[in-house]
Amino acid sequence: MNWQPILDLYRSELRAAFRERHIVINTILLPALLYPVILWVLFNGLLFIQGQNEGQRSRVALEGSVPAELEARFEDDSDLEIVLLERSTDEALDADSVHVVVEVQPAKGPIEADLEITVSYDSSREHSSFAQRRVIGILQKYRKERL
């Protein structure tokens, strides 16, 4: 098969395409210039939001029979602020007076030292979700050391 006519046709079409100013601008120049700018703006926006969340203290309410060791862990964390729960859990989370509610109850199992812990938070609010991740991290470390 003779490829020369196909290559000549391809070359002439490519040359004609590069003569069109709109094709060059829309297919080469705009993407080459705009994509880096869009990515830069996106990453800076994400870093800004992350920086705001890290600087904020999360309000945590402890309910039930919280062991002294676990309560000390929450108090030692400088990113957490222990607050009293003055309303029901749902009302406090809705009013944003507290970001996370940790309810601790003795487990109903054969081992008396077991705990049943419920973490309540409002997943529709970024501050509450961020606080929940902090609290879960503390609880996982506490659980790992107890085991």
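Overview of the structure. (Residues numbered from 1 in each chain as written. Predicted model: local features only at pLDDT ≥ 70, side-chain atom pairs only at ≥ 80, totals over all residues. Heavy atoms only, no water.)

**Brief notes about the nonpolar core**
Short version of the rule: Each nonpolar core is a collection of buried residues, namely Ala, Val, Leu, Ile, Met, Phe, Trp, Tyr and Cys, held together in the definition by side-chain atoms within 4.5 Å. Throughout, exposure labels follow a simple rule: accessible area from a 1.4 Å probe, protein chains only, divided by the maximum for the residue type, with under 20% read as buried, over 50% as exposed, and the rest as partly exposed. Put simply, DSSP marks the helices as runs of H or I at least four residues long and the strands as runs of E at least two long, and each gets a number from the N terminus on. By definition in these notes, contact holds between two residues if any of their heavy atoms fall within 4.5 Å.
Judged by nonpolar contacts, the single largest core of 14 residues is most densely connected at Val60, Leu62, Leu70, Phe74, Val100, Val102 and Val135. Counting residues per element, the ones that place at least two in this core are strand 1 (58-64), helix 3 (68-76), strand 3 (100-106) and helix 5 (126-146). Other than its neighbours up to four places away in sequence, Val100 contacts Arg59, Val60, Ala61, Leu93, Val119, Ser120, Tyr121, Ser128, Ala131, Gln132 and Val135. Membership of the second largest hydrophobic core comes to six residues, among which are Ala61, Leu93, Val98 and Val101.

**Section: the pattern of salt bridges**
It is possible for side chains bearing opposite charge to pair when their charged atoms get close. Formally: For this analysis, a salt bridge means a side-chain nitrogen from Lys or Arg found within 4 Å of a carboxyl oxygen belonging to Asp or Glu.
Under the defined criterion, the tally for this structure stands at five salt bridges. For Arg73, the salt bridge is made with Glu145, and the minimal N-O distance between the two is 2.2 Å. Placement of the pair is Arg73 in helix 3 and Glu145 in helix 5, with a sequence separation of 72 residues. Since its relative accessible area comes to 57%, Glu145 is described here as exposed. As a salt-bridge pair, Asp122 and Arg125 come within 3.1 Å of each other at their nearest N and O atoms. Ionic contacts of the salt-bridge type, sharing partners, join the residues Glu69, Arg73 and Glu145 into one network.

**Topic: the sheet that holds strand 3**
Condition: Being paired, for any two strands, means DSSP has found at least two bridges between them. To get an axis, a line is fitted to the C-alpha atoms, and for a helix only the part in contact is used. The angle between two axes follows their N-to-C directions and goes from 0 to 180 degrees.
The four strands lie next to each other as 2-1-3-4, forming an open sheet whose pairing is mixed. What marks the edges here is a single partner per strand, and that holds for strand 2 (80-83) and strand 4 (115-121). Each strand of the sheet is rotated relative to its neighbour by a mean of 25°, with strand direction disregarded. Relative to strand 4, strand 3 runs antiparallel, the two sharing seven bridges. The residue of strand 4 that forms the bridge with Val104 is Ile117. Running at roughly 125° to strand 2, helix 3 makes contact with strand 1, strand 2, strand 3 and strand 4 of the sheet. Strand contacts of helix 5: strand 1, strand 2, strand 3 and strand 4, with the helix running at about 165° to strand 4, the strand carrying the most contacts.

**Some words on the environment of Glu63**
For Glu63, the position within the fold is in strand 1. Glu63 has contacts with Leu85, Val101, Val102, Glu103 and Val104, leaving out every residue within four places of it along the chain.

**Overview of the environment of Ser129**
You can see Ser129 is positioned in helix 5. Separated by 30 residues in sequence, Ser129 and His99 place their C-alpha atoms 8.0 Å apart.

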